[in-house]
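# Geometric and topological summary
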Amino acid sequence: MTALPHARPAADGQDVFHLKLPIEGMTCASCVRRVEKALLGTPGVRSASVNLASESAELALAAGTEVGEVIAALEKSGYHSRTEQLELAIIGMSCASCVGRVEKALARLPGVLSASVNLAAERARVELLAGSQDAGALIDAIREIGYEARPHAAGGEDDGARKGREQAGLKRAFWLSAGLTLPVFVLEMGAHFVPGMHHWIAQTLGQTLNWNLQFLLTSLVLFGPGLRFLHKGLPALMRGAPDMNSLVALGTLSAWGFSVVATYAGHWLPAGTRHVYFEAAAVIVTLILLGRYLESRAKGRTGEAIQRLLSLQVKTARVWRGDEAVEVPLAEVRAGDRVQVRPGERIPVDGRVLEGSSYVDESMLTGEPVPVAKQAGDEVVGGTVNKNGALDFEATRVGGDTLLAQIVRMVEQAQGAKLPIQALVDRVTAVFVPVVMGMAALTFALWLWLGPSPALTFALVNAVAVLIIACPCAMGLATPTSIMVGTGRAAELGVLFRKGQALQTLREAKVIALDKTGTLTLGRPELTDLLVQPGFDEAEVLALVAAVEQRSEHPIAEAVVRAAKARGLSLAAAAEFEALPGLGVSARVSGRRVEVGADRLMQRLDHDPQALAGPAAELAGAGKSPLYAAIDGKLAAIIAVADPVKEGSHEAVAALHQLGLKVAMITGDNRRTAAAIARQLGIDEVVAEVMPDGKVAALQALRERFGAVAFVGDGINDAPALAEAEVGLAIGTGTDIAIEAADVVLMSGDLRAVPNALAISRATLRNIRQNLFWAFAYNASLIPLAAGALYPAFGLLLSPMVAAGAMALSSVFVVGNALRLKRVKL
C-alpha cells in the first residue's frame, strides 16, 4: 500500500500545492469556522477556504504535506471527507518493480490517498477524495510510465477474454521463437554434444556462413517474438525506472551485439576474444517466453473461483408480463417483478417465494449438499438450483445487489488485498532492479580487470548471466498468487474473507470468542422435555398447553406451539385467556382450566411443585427453562424449553482446541444457562449477562490474558464486538449489520466453518512464506553463482542460457506452489 506523498504543484511553479477537499457534516457558519480553524492548524496548510454550499474546502499546501494528516485533523474536529474507490485493470506489468512503479505514479496524483497494485490479478485499487480524480486521469498517469490501463468491471468477461488472447499470443510467440532458436542452438552447441559435429560444420558451412546463419535466425528471434522485451524494457531504462524487461533487453542485446561485432568487425576485439553468443540471446528469449506462457496459464487458474461464481449467473429470466411468462435478458429484471423458475433451472435473482414449493440446492452458498425446502414466504438466492418443483417468486434484489454479486465483489476485494507481510517485499523490490544492474556492471568490471584470458568474453558472459537470473518476477508473484488461490478456495467452502488482511491476522489469533444465541445455538427456543404426572396423557397435555400458549407472543410460547403442530395435534380455541406478568398464562380450553407458568405461579395457585423439584433442578442445570402446567386444579406436567445447540458446535469447539486455541463464550444470557452450554461443549472461558458494550470490554480482557482475539457473532448486538476483535467472523445467516462489521463471513451458519477459516488462513500464510523463501533464497544464492563466485575454487560458471531457464522456473514454481492451496484438506 502506497500513501500519497503530496499533491501536484500549482501552475505558477511555486512550491505550493492546491487541493479541493470534500467535507461531510457541516450544517452552519460555525461549522465552517471550526473546519477552517482545524485545517489551518495542520502543519503544511498555507491557506484554507471552506464553502458550506459546495461542502468543500480549497486548500493551499506546502510541498511534501501529507494529505492523510489534513484528513486526520478534519476528522478530529468532528467532520469527515468523502472518499471513493476506483479499480483499474493494468496491462503490461511483469515483475514486482512494475508494481512499485505503478503505485508511485498513482500516489503522486492530487487527491489519491492510497494505491494498491496486485501483480497476479493485474489490478490496481485506488482510494481517493471524492471528485478529485476520474478514471481517465489515473489511466493517463499509468500510461506515462509505460503501462496500459482501463476501468475494471467486476468479473467482466472482457478481462478473461483479454487474458485468453494474451495466453494464446505467448504460446504462438514461444513456438515461433523455439523453431528459430533450435537451428542456432544446434549449430553452436551441437559440437559439445555430438563428436565430430564441429568438423562437419566447418567443412560444409564454414565459420562465416555458420555465424551469418546464426545472426539471421537470432535477429529474427530478438526482433520478432522477443521484441516485446525491447519495447517495454528500453523505454523504462531511458526513464531511469528499469524493470524485468529492461534486464532481459540488456542481457540479450549485450550477447547479440557482442556477437555481431565478432562476426562483422572481429578485428576490433582483443586477440582471443572473437566468439559469438547468438545462441545465448536466442535461448534466453525462448526460455523466458516459455516461462511467461506457463506462468500465464497457471495465473489463469488462480482466478477459477471467481469464474465458477460468475458461471452460476444465468443470462435470462422468465418474468410474468401480464398473463404470460416471457423470457427476458437478466439486465431487464427489476425488483418487484414476478419471476417463474421451472424444475432443474437456476434461480436468476434473489427473491421471496409467492407460489409453489420445491427443494433448492444452495451448496454454492453454504457448502451443504442437502437441498433446502422452499415454500411461500421463503427467501431464494440467485445462482442456486431449483430441484424438483415450479416456483413463482418476487424479485427483491437484482443486478449488483444480489447476494451472488456481493460474494463476487467480496472475493475480488480479498484477492486484491495486500497483507502486512507484503511490506518487506515492497521495500526490497523498490531498489532491486537498479541494484542488480549495478551488480552486473560490477561483475563485468571485475572480470575484465581480474579475469583470465579472454577476460572480455568472461566479463560479458557473467554480466549477462547476472542480469538474466535476477529478474524479480517470483518476488512479485509470491504473495498475491497465494492470496488469490487461498481466498478462492475459502469461497468454495463457504468462507468469505471480506478483507484480505484477515488472512494474516486470523492466523495470529490466540483465543476464539463466540456469541451464544444464534451462533453456538439455533437462536430460537424449542421444546426439549415434557414430563407428565401419573394420570395424564402426554399428547393431551401438550395440546391443551399449546392451545393456551398460541394466544401468547412469548418466544417460549411459540416453541410449545411449534412442537404441538409438529406432532400433528389439533389445537382448540382458548377462552378467558389471562396473562399474568412475570408468572405465566391461564385460559379455559374445551371446558378445562389450564394454567402454565413458573414455579411461583404454581405456588400462588396452591399447587405444590415439590413433586417435580428433582427433574426441574436437572433441567435447569442443563441450561433449560422449566415451566409447570396445571390442568383442572392439578399439577399435570413440567415442560422444558431451551435454545438447542447447533449441529456441529461441539465438533467446532473440539477442532479449535486441536488447533491450540482457547475458546471463550460471551453472552447476554444468564450465568446458569451459559455455564450449562459451556460444560456441554467444553468451552474454556464464560462471560455471561453482558450488554453489547460489555462484550467489547470482555474482548479487551481476553486480549490482555491470552493475546489476539477473533470473535464470532451473528446479531446486531454483536457488531461492536466484531469490529473490536482483531478478526470478526459473522455467521452468514445473521443480520446485515453484523456481516458489514465483520472481516470474514461464514455463509453456512455452521460453526465448523470457523476452524476451516483458520485452516485456510494458516495454509495460505504458510504457502506465502514458502514462496517468499524460494524467491529470496533463489536470488540470494544464484546471483553470486551467476557472477562467477565458484569459478576461483571449482572452475564453475553459470551459462546465461541456464540462468534464463532458472529465472523462468522460479516464477512457474511460485505460481504452481500457490495452486496447491486449491487442494487444502480440512
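Residue positions within a chain follow its written sequence, with the count starting from 1. Side-chain atom pairs in this predicted model are given and counted only at pLDDT of 80 or more, local residue features only at pLDDT of at least 70, and totals for whole chains, interfaces and linings cover all residues. The side-chain quantities take in all heavy atoms of the structure and omit both hydrogens and water.

## Observations regarding the overall build of the chain
A run of H or I in DSSP counts as a helix once it spans at least four residues, and a run of E counts as a strand once it spans at least two, with each numbered from the N terminus. Across its full length, the chain carries 30 helices and 30 strands. We call a residue buried when its accessible area falls under 20% of the maximum for its residue type, exposed when it is over 50%, and partly exposed in between, using a 1.4 Å probe and counting protein chains only. Taken across its 826 residues, the chain has 53% of its residues classed as buried. Excluding contacts between residues fewer than 6 apart, the proportion of contacts in the chain whose partners are at least 24 apart in sequence is 68%. In short, Shrake-Rupley with a 1.4 Å probe defines the accessible areas, and a residue's cover is counted only from the protein chains shown. When the accessible surface of the chain is summed, it comes to about 35500 Å², and 56% of that surface belongs to carbon and sulfur atoms. Contacts are assigned to residue pairs that have any heavy atoms within 4.5 Å of one another.

## As for the pattern of salt bridges
Opposite charge on two side chains permits pairing when their charged atoms draw close. When a carboxyl oxygen of Asp or Glu is within 4 Å of a side-chain nitrogen of Lys or Arg, the pair counts as a salt bridge. Applying the stated criterion to the full structure yields 21 salt bridges. The shortest N-O distance in the salt bridge between glutamate 327 and arginine 318 comes to 3.6 Å. One salt bridge connects glutamate 651 with arginine 752, and the closest N-O pair in it is separated by 3.3 Å. Taken together, the residues span a long stretch of sequence, with glutamate 651 in helix H23 (residues 649-658) and arginine 752 in the loop between strand E30 (744-746) and helix H28 (753-786) at a distance of 101 residues. The exposure class assigned to arginine 752 is partly exposed, which follows from its relative accessible area of 25%. Ionic contacts of the salt-bridge type, sharing partners, join the residues Glu87, Arg123 and Arg125 into one network.

## Digging into H23
Buried within H23 we find Ser649, Ala652, Val653 and Leu656. Projected down its long axis, H23 carries its buried residues within an arc of 95 degrees, all on one side. Turning to H23, the residues buried within the fold contact strand E19 (511-515), helix H18 (516-520), strand E26 (662-666), helix H24 (671-681) and H28. Of the residues one or two after H23, glycine 660 is the one with positive phi, at around 85 degrees. It is the directions from the helix axis to the C-beta atoms whose arc is reported.

## A closer look at the pairing of strand E17 (residues 391-397)
Relative to E17, strand E11 (residues 338-341) runs antiparallel, the two being bridged by four bridges. Across the sheet, residue glutamine 340 finds its bridge partner in E17, namely aspartate 392. Being paired, for any two strands, means DSSP has found at least two bridges between them. Pairing between strand E12 (residues 350-355) and E17: five bridges, direction antiparallel. Its bridge partner being in E17, glutamate 355 is matched across the sheet by aspartate 392.

## Observations concerning unusual backbone geometry
The step from serine 453 to proline 454 runs through a cis peptide bond, and the omega angle for that step is -5 degrees. Within the fold, proline 454 resides in the loop between helix H14 (422-450) and helix H15 (455-469). Phi is positive for serine 590, which is not a glycine, with a value near 50 degrees. Mapping serine 590 onto the fold places it in the loop between strand E22 (584-589) and strand E23 (592-597). Not every positive phi belongs to a glycine, and aspartate 632 is a case in point at roughly 55 degrees. Here aspartate 632 lies in the loop between strand E24 (625-631) and strand E25 (634-642).

## With respect to the nonpolar core
Residues Ile469 and Ile512 are the most contacted members of the largest nonpolar core, which totals 132 residues. If near-sequence neighbours (up to four positions away) are discounted, isoleucine 469 is found in contact with Tyr778, Asn779, Leu782, Ile783, Ala786, Leu798, Ala803, Ala806 and Met807. As used here, the term nonpolar core means buried Ala, Val, Leu, Ile, Met, Phe, Trp, Tyr and Cys residues forming a set that is joined through side-chain atoms within 4.5 Å. By size, the runner-up hydrophobic cluster in this structure holds 27 residues, among which are Leu527, Ala547, Val548 and Ala587.

## Quick word on the packing of helix H19 (residues 538-549) against helix H20 (residues 555-566)
Interaxial angle, 0 to 180 degrees, is taken between N-to-C directions of lines fitted to C-alpha atoms, where a helix line uses only the stretch in contact. Close contact between H19 and H20 brings their axes to 9 Å; oriented N to C, the two are set at 135 degrees. With respect to H20, the axis of H19 lies oblique. Relative to H20, H19 is oriented so that their crossing is left-handed. Seen from H19, the contacting residues are Leu542, Val545, Ala546 and Glu549; seen from H20, they are Ala557, Val560, Val561, Ala563 and Ala564. Working rule for angles: under 35 degrees goes down as roughly parallel, over 145 as roughly antiparallel, 65 to 115 as roughly perpendicular, anything else as oblique. Left-handed describes a crossing in which the near helix is turned anticlockwise from the far one by less than a right angle; the clockwise case is right-handed.

## Let's talk about the sheet that holds strand E4 (residues 56-62)
Pairing between the strands of a sheet comes from backbone hydrogen bonds, and it takes one of two forms, parallel or antiparallel. The strand order E2-E4-E3 describes an open sheet built from three strands, whose pairing is antiparallel. Each edge of the open sheet is held by one strand with a lone partner, namely strand E2 (16-22) and strand E3 (45-51). For this sheet the average axis-to-axis angle between neighbouring strands, irrespective of direction, equals 15 degrees. Pairing between E3 and E4: six bridges, direction antiparallel. The partner of alanine 48 across the bridge, within E4, is leucine 59. Together, E2, E3 and E4 form the strand contacts of helix H2 (residues 67-76), whose direction differs from that of E2 by roughly 40 degrees.

## Description of a positive patch on the surface
Without a salt bridge and with relative accessible area above 30%, a residue can belong to a patch; like charges are then joined within 9 Å and nonpolar side chains (Val, Leu, Ile, Met, Phe, Trp, Tyr) within 5 Å. Just so you know, the count uses Lys and Arg for positive and Asp and Glu for negative, and it drops His and the chain ends. By convention, charge coordinates are those of NZ in Lys, CZ in Arg, CG in Asp, or CD in Glu. Among the surface-exposed residues, Arg507, Lys510, Arg766, Arg769, Arg820, Arg823 and Lys825 lie close enough to one another that they form a single positively charged patch. On the secondary structure map, arginine 766 appears in helix H28. For arginine 766, a relative accessible area of 49% translates into the label partly exposed.

## Describing H2
If you check which residues of H2 are buried, you get Val67, Val70, Ile71, Ala73 and Leu74. Viewed end-on, H2 has its buried residues packed into an arc of 160 degrees, placing them on one side of the element. Phi turns positive one or two residues past the end of H2, at glycine 78, with a value near 100 degrees.

## Concerning the confidence of the model for the chain
In low-pLDDT segments, the atomic positions of the prediction should not be examined closely. Predicted confidence across the chain gives a mean pLDDT of 81, with 89% of residues reaching 70 or more. Segment residues 1-13 is flagged for pLDDT under 50; beyond a separation of four residues in sequence, or across chains, it makes 45 contacts in the model. Residue-level confidence of the predictor, termed pLDDT, takes values from 0 up to 100.

## Comments concerning the packing of aromatic side chains
Two measures describe an aromatic ring pair: the distance that separates the ring centres and the angle between the ring planes. Only centres within 6.5 Å qualify two rings of Phe, Tyr or Trp (six-membered ring in Trp) as a pair; their planes then separate them into stacked at under 30 degrees, edge-to-face at over 60, and tilted for everything else. Considering all chains together, one arrives at nine aromatic pairs under this definition. Between tryptophan 447 and tyrosine 791, the aromatic rings sit 5.3 Å apart at their centres with planes inclined by 65 degrees, giving edge-to-face as the arrangement. Here tryptophan 447, found in helix H14, pairs with tyrosine 791, found in helix H29 (residues 791-794); they are 344 residues apart in sequence, far enough to count as distant. Using a relative accessible area of 10% as the deciding quantity, one classes tryptophan 447 as buried. Look at tyrosine 791 and you get partly exposed, because its relative accessible area is 25%. With 5.7 Å between their ring centres and 55 degrees between their planes, phenylalanine 458 and tyrosine 791 make a pair best called tilted.

## Things to note about the sheet that holds E25
Overall, antiparallel pairing links the six strands, which are arranged E20-E25-E24-E23-E22-E21 in an open sheet. Two strands close off the open sheet at either side, each with one partner strand: strand E20 (526-532) and strand E21 (574-580). Put simply, the sheet's adjacent strands are angled 20 degrees from each other on average, direction ignored. The pairing of E20 with E25 spans six bridges and is classified as antiparallel. Within E25, the position partnered with valine 532 by the bridge is alanine 637. Along the sheet, H20 makes contact with E20, E24 and E25, crossing E20 at roughly 75 degrees.

## Regarding the packing of helix H7 (residues 206-222) against helix H9 (residues 244-264)
Contact geometry of H7 with H9 gives a least axis separation of 11 Å together with a crossing angle of 155 degrees. Between H7 and H9, the angle is such that the two are roughly antiparallel. The hand of the H7/H9 crossing is left-handed. Residues Trp211, Asn212, Phe215, Thr218, Ser219 and Leu222 of H7 touch H9, and the partners they reach there are Thr252, Leu253, Trp256, Val260, Ala262, Thr263 and Tyr264. Amino acids outside the nonpolar list (Ala, Val, Leu, Ile, Met, Phe, Trp, Tyr, Cys, Pro) and the charged list (Asp, Glu, Lys, Arg) are all regarded as polar, and Gly is one of them. For the contact of H7 with H9, the per-class residue count stands at eight nonpolar, five polar and no charged.

## Quick word on the side chain of threonine 252
Tracing the sequence through the fold places threonine 252 in helix H9. Given a relative accessible area of 1%, threonine 252 falls into the buried group. Not counting residues up to four positions away in its chain, the partners in contact with threonine 252 are Leu222, Ala281, Ile284 and Val285.

## Focus: the UniProt feature "transmembrane region" (unreviewed entry) in the chain
Under the UniProt annotation, "transmembrane region" (unreviewed entry) lies at residues 173-191, 211-227, 247-269, 275-294, 428-450, 456-479, 772-791 and 797-819. The straight-line gap between the two end C-alpha atoms of residues 275-294 is 33 Å; of that span, 85% is helix and 0% is strand. A helix fraction of 87% and a strand fraction of 0% characterise residues 797-819, whose end C-alpha atoms lie 33 Å from each other. UniProt positions are given in the numbering used here, feature names are shortened, and annotations may be inferred rather than shown by experiment.

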